[in-house]
Amino acid sequence: MSTDISPAGAPKSKLRTDIQALRGFAVLLVLFYHAKLVGMDFAGYLGVDIFFVISGFLITGIIRDGIKTESFSFLNFYFRRAKRLLPAAFVVIAFIVICAPFVLTEIALNDLREQVIGSLLFVANFVVWNQTGYFEAAAETKPLLHFWSLAVEEQYYFVMPLLLFIVPRKLWFFVVATIVVASFALSVYLAPKYPDAAFYLPLTRLWELGLGSLAAIVHLQLSGNRWLFVTRIIAVALLIGIPFFPTGLPHPGLDALLVCGATLIIILSHNNSAWESSLPLRAIARVGDISYSLYLVHWPVLVFTRAAYLEEPPQTVIWAVVALSIVLSIILYRFVEEPFRKSNSAKRRRFVVGSVACSAAIAVFPSAIAAVTATGTDYQHVRRTNYGLAFECSLKTDEPFTIKDSCKTTDHPRVLVWGDSYAMAWTSALMGPLREHGMQQITMGACDPLHRVARFGKATNSPYNLDYAKACMSFNSNVLAYAKASEDIETVVIAGRMQTPLSKSNRLLTQTAEGEYENQEVSTDIVTNALASLAIELHNSGKKVVFIAPPPADGSNIGACLERRARGKIILGPQSDCTITVDANRRYRGATLDMMAEAAELADIELLDVFEFLCDDGVCKTQIDGTILYRDYSHLTYDGGALIGARSSLANDVLVKAR
């Protein structure tokens, strides 16, 4: 990404082809991973791990040489870093803040303000980490999300020079090695439990940069011998193979360790051999020359394209975006990155003043644009997260199971709403009509209400991992035990998206009656029986039960579409009318609806829905009398839920049809 491979202004001949090729390979991994091209399903995020090792190795080498020759200057070091990084970054951030008001929604624009400040202050990783979570805007709406890795590098650059300057030279290896081991241990510990923190925070990434630093401190150069060729081949095989055949363990962990180790071996075994002058390696090295610019450019172009399409764009469009990103990165490299990198250091004061001025202008611009383009409707408020009765009714995996008074409409509620974020949204529809009757909400985002079954993602970087599945299973067990034991609860409403447990991108964690866990492939029968079992268990304790199907959806972001159309923003693709057809809903929701209907039949209960109320003549309404019903793809807004609750028969059906 940002790593210098020689002092600023060094001639091209001094650049190592093998390191440039590593950078080219790494940025291509990231580019094609983010593009989500068909047939390219791999762990491309490992490209960032490669960058970190290269960065630690080369920057520490510069610091090491400067300290040993007593020529190191903090001022010169940070000036060179700023000259290398800031000009291209300023251009990209400026491009983003200028284009964003024409493309992004108010929620995404509000997040962008924080991202801009975080990027300018080199704390973008903390900002993005704070913006992550089940209910936050998706990664595809954050055009500066990729600056998180640049921030981690810069934070390392603030620490490493000071560390090597203070610590006696003979203790360098020991101190850095201790940091590497501690950081890796922390990473392995946090990744399964808190994947977002492990991914974004510097303490869990220090070991990757530190591995490169250790190699630079030892100053080891592997000499040519009969084992060198074999070692390199193994390293190259790991470097190429692991992204396509990851272990499946949480990231950063074993996959990152193998890739980082392979990168280190390739760096250390440099010997100017014919292999390093081969045409394929030199071709990838040319990509490495523009890797920083390409890394900066590709993500916002993809974000803006996806935002305008409201759903995944056609593959031809994505390929065009990839090509455009490469062209723009060449321009950025040729006319911004390289001229500033080679510029005269004597103009330091002018550069510093200009950088401060650019930072200030860029920081203020998003707020100014928001003020100018503001309308009478606060879409951020309209499309705010729908937690149901209260924010605290959305339980977290790391908090103990508790019954909260704010999640009841009366002291002795007779109706319990149980499920995931879709159940939260249905609560907003039911809480008005059922307030006096007495309603209680117990919900957890991304946790499907199933008996002794929970889904978890196959992807190693999925936040919904095995630990999350176990926490979800425990939550559902606690809700079931509470509902069965409650003397107040008469009726239980079970609602959820129920789509992810059927997705081939997930696996199912099941639990036997003896408490043993089993890991299984997705099976409709398992999910159907797990859903039906909840109703049967509740029936056996004397409770009445009813299921509610998720609202109509077709996979596009209807809430964003309605806002974009109202505010005159760019909309591309077939969903520009912001409606949902009955046929599209059937294609998108069919498997889920069939599964829920079969589970309801097995448990001898009713499956309720609002299709008859919302859908007419083959089209389902997404707004009624100016009220936006959807906040995103298919979660209801607070106002939309209230309108459906007041005008439809849903609440009455809950009371009458539950059995």
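Fair warning: this is a prediction, and the values are worked out from it, not measured in the lab. What you see as residue numbers is a count from 1 along each chain, following the sequence as written. Owing to the predicted nature of the model, reporting of local features is limited to residues with pLDDT of at least 70; listing and counting of side-chain atom pairs is limited to 80 or more, with chain, interface and lining totals taken over all residues. Heavy atoms throughout the structure, all of them, feed into the side-chain values; hydrogens and water do not.

## Side note on the overall build of the protein
Secondary structure elements follow DSSP: runs of H or I no shorter than four residues count as helices, runs of E no shorter than two count as strands, and numbering proceeds from the N terminus. A count of helical and extended segments in the protein gives 24 helices and 13 strands. Relative to a compact globule of 659 residues, whose C-alpha radius of gyration would be 26 Å, the protein shows 27 Å and is just as compact. Buried residues are those whose accessible area, probed at 1.4 Å on protein chains only, stays under 20% of the maximum for their type, while exposed residues exceed 50% and partly exposed ones sit between those limits. Across the 659 residues of the protein, 55% fall into the buried class. Two residues form a contact once any of their heavy atoms are found within 4.5 Å. Here the analysis covers contacts within the protein between residues at least 6 apart in sequence; of these, 79% occur between residues at least 24 apart. Only C-alpha atoms enter the radius of gyration; for comparison, a globular chain is expected to reach 2.2 Å times N to the power 0.38, where N is the number of residues.

## Quick look at the packing of helix α2 (residues 46–68) against helix α9 (residues 206–218)
Across the interface, α2 lies against α9 with an axial gap of 7 Å and an inter-helix angle of 40°. Regarding the angle of α2 to α9, the classification is oblique. In terms of crossing hand, the pair formed by α2 and α9 is right-handed. Where α2 approaches α9, its residues Asp-49, Phe-52, Val-53, Ser-55, Gly-56, Phe-57, Thr-60, Gly-61 and Arg-64 are matched on the opposing element by Glu-208, Leu-209, Gly-212, Ser-213, Ala-215, Ala-216 and Ile-217. Looking at the contact of α2 with α9, its residues break down into 7 nonpolar, 6 polar and 3 charged. Note on definitions: angles span 0 to 180 degrees between N-to-C directions of axes, and those axes are lines fitted to C-alpha atoms, for helices only across the stretch in contact. An angle below 35 degrees is treated as roughly parallel, one above 145 as roughly antiparallel, one from 65 to 115 as roughly perpendicular, and anything else as oblique. Each crossing gets its hand from how the near helix is turned against the far one by less than a right angle, where anticlockwise is left-handed and clockwise is right-handed. Amino acid classes used here: Ala, Val, Leu, Ile, Met, Phe, Trp, Tyr, Cys and Pro are nonpolar; Asp, Glu, Lys and Arg are charged; the rest, including Gly, are polar.

## Considering the state of the cysteines
Between two cysteines, a covalent bond joining their sulfur atoms is known as a disulfide. Any two cysteine sulfur atoms lying within 2.5 Å of each other are counted as a disulfide. Counting across every chain of the model gives 4 disulfides. One disulfide in the model links Cys-447 with Cys-472; its S-S distance is 2.0 Å. Between Cys-447 and Cys-472, the S-S torsion sits near 90°, and that sign places the bridge as right-handed. Highlighted residues: Cys-447 in the loop between β2 (439–443) and β3 (453–457) and Cys-472 in helix α18 (residues 466–485), separated in sequence by 25 residues. With relative accessibility at 4%, the residue Cys-472 sits in the buried group. Through a disulfide, Cys-561 is tied to Cys-578; the S-S separation comes to 2.0 Å.

## With respect to the confidence of the model for the protein
Within a predicted model, pLDDT stands for the predictor's per-residue confidence, ranging from 0 to 100. Looking at the protein, the pLDDT average stands at 91 and 94% of residues meet or exceed 70. In the predicted structure, residues 4–13 sits below a pLDDT of 50 and forms 24 contacts with residues beyond four places in sequence or in another chain.

## Some points on the packing of aromatic side chains
Only rings of Phe, Tyr and Trp enter the pairing, Trp through its six-membered ring, and a pair is recorded when the two centres are within 6.5 Å. The plane angle decides the type: under 30 degrees is stacked, over 60 is edge-to-face, the rest tilted. The full count for this structure, using the stated rule, is 22 aromatic pairs. Relative to Phe-199, the ring of Trp-148 has its centre 4.8 Å away and its plane inclined at 45°; by these criteria the two rings are tilted. Taken as a pair, Trp-148 in helix α6 (residues 147–166) and Phe-199 in helix α8 (residues 195–200) lie far apart in primary sequence, 51 residues in all. Like Phe-199, Trp-148 is buried. The positively charged end of Arg-348 is found above the aromatic ring belonging to Phe-79, 4.9 Å away from the centroid. Two conditions define a charge located above a ring, namely a distance within 6 Å from the ring centre to NZ of Lys or CZ of Arg, and an angle within 35 degrees of the ring normal.

## Here's the deal with the pattern of salt bridges
By salt bridge we mean one thing: a side-chain nitrogen of Lys or Arg within 4 Å of a carboxyl oxygen of Asp or Glu. Under the counting rule described, the total for this entry stands at 23 salt bridges. Members of the salt-bridge network, linked through shared partners, are Arg-16, Asp-18 and Arg-232.

## A word on the environment of Lys-396
Within the secondary structure, Lys-396 is located in the loop between α16 (379–382) and β1 (415–419). In this structure, the C-alpha to C-alpha distance between Lys-396 and Cys-472, residues 76 residues apart in sequence, is 9.4 Å. With sequence-adjacent residues up to four places away left out, Lys-396 is seen in contact with Phe-391 and Met-444.

## What to know about α9
Given the number of residues in a helix, its expected span is that number minus one, multiplied by 1.5 Å. Relative to the 18 Å expected for 13 residues at 1.5 Å per residue, α9 spans 18 Å between its end C-alpha atoms, a close match to the ideal helical length. Where α9 is buried, its residues touch α2, α6, α7 (172–193) and α11 (254–268). Just beyond α9, the residue with positive phi is His-219, at close to 60°.

## Remarks on the sheet that holds strand β11 (residues 619–620)
Only strands that DSSP links by at least two bridges are regarded as paired with each other. Taken together, the 3 strands give an open sheet; going across it, the order is β8-β11-β10, and neighbouring strands pair in antiparallel fashion. Either end of the sheet is taken by a strand with one partner, and the two such strands are β8 (580–581) and β10 (615–616). Relative to β11, β8 is paired through 2 bridges, and the arrangement is antiparallel. Paired with Ile-580 across the strands is Cys-620, a residue of β11.

## Regarding the sheet that holds β1
Taking strand neighbours across the sheet as the criterion, the 5 strands line up as β2-β1-β4-β7-β9 in an open arrangement whose pairing is parallel. If you trace the sheet from one side to the other, it starts and ends with β2 and β9 (607–608), each paired once. As judged from the 5 bridges shared by strand β4 (residues 491–495) and strand β7 (residues 544–548), these two strands associate in the parallel manner. Residue Val-493 lies in a different strand from β7, and its bridge partner there is Val-546. Its contacts with the sheet put α18 on β1, β2 and β4, and the angle it makes with β1 is roughly 170°.

## Comments concerning the nonpolar core
The tendency in soluble globular proteins is for nonpolar side chains to be buried as a group. One finds Leu-104 and Trp-148 to be the most contacted residues of the largest nonpolar core, which totals 106 residues. In terms of residues, this core owes the most to one element, helix α3 (residues 74–103), which gives 14 residues. Dropping the residues within four chain positions of it, Trp-148 is found in contact with Val-48, Phe-52, Ala-124, Asn-125, Phe-199, Tyr-200, Arg-205 and Tyr-295. Think of a nonpolar core as a cluster: buried Ala, Val, Leu, Ile, Met, Phe, Trp, Tyr and Cys residues, connected wherever their side-chain atoms sit within 4.5 Å.

## Regarding the pairing of β4
The two faces of the sheet receive side chains in turn, since in a regular strand these alternate between them. A large share of β4 lies buried, amounting to 5 of its 5 residues. Burial of the side chains of β4 extends over both faces: Thr-491, Val-493 and Ala-495 are buried on one face and Val-492 and Ile-494 on the other. Bridge analysis of β1 against β4 gives 5 bridges, and the strand direction is parallel. The residue bridging Val-417 from the neighbouring strand is Val-493, located in β4.

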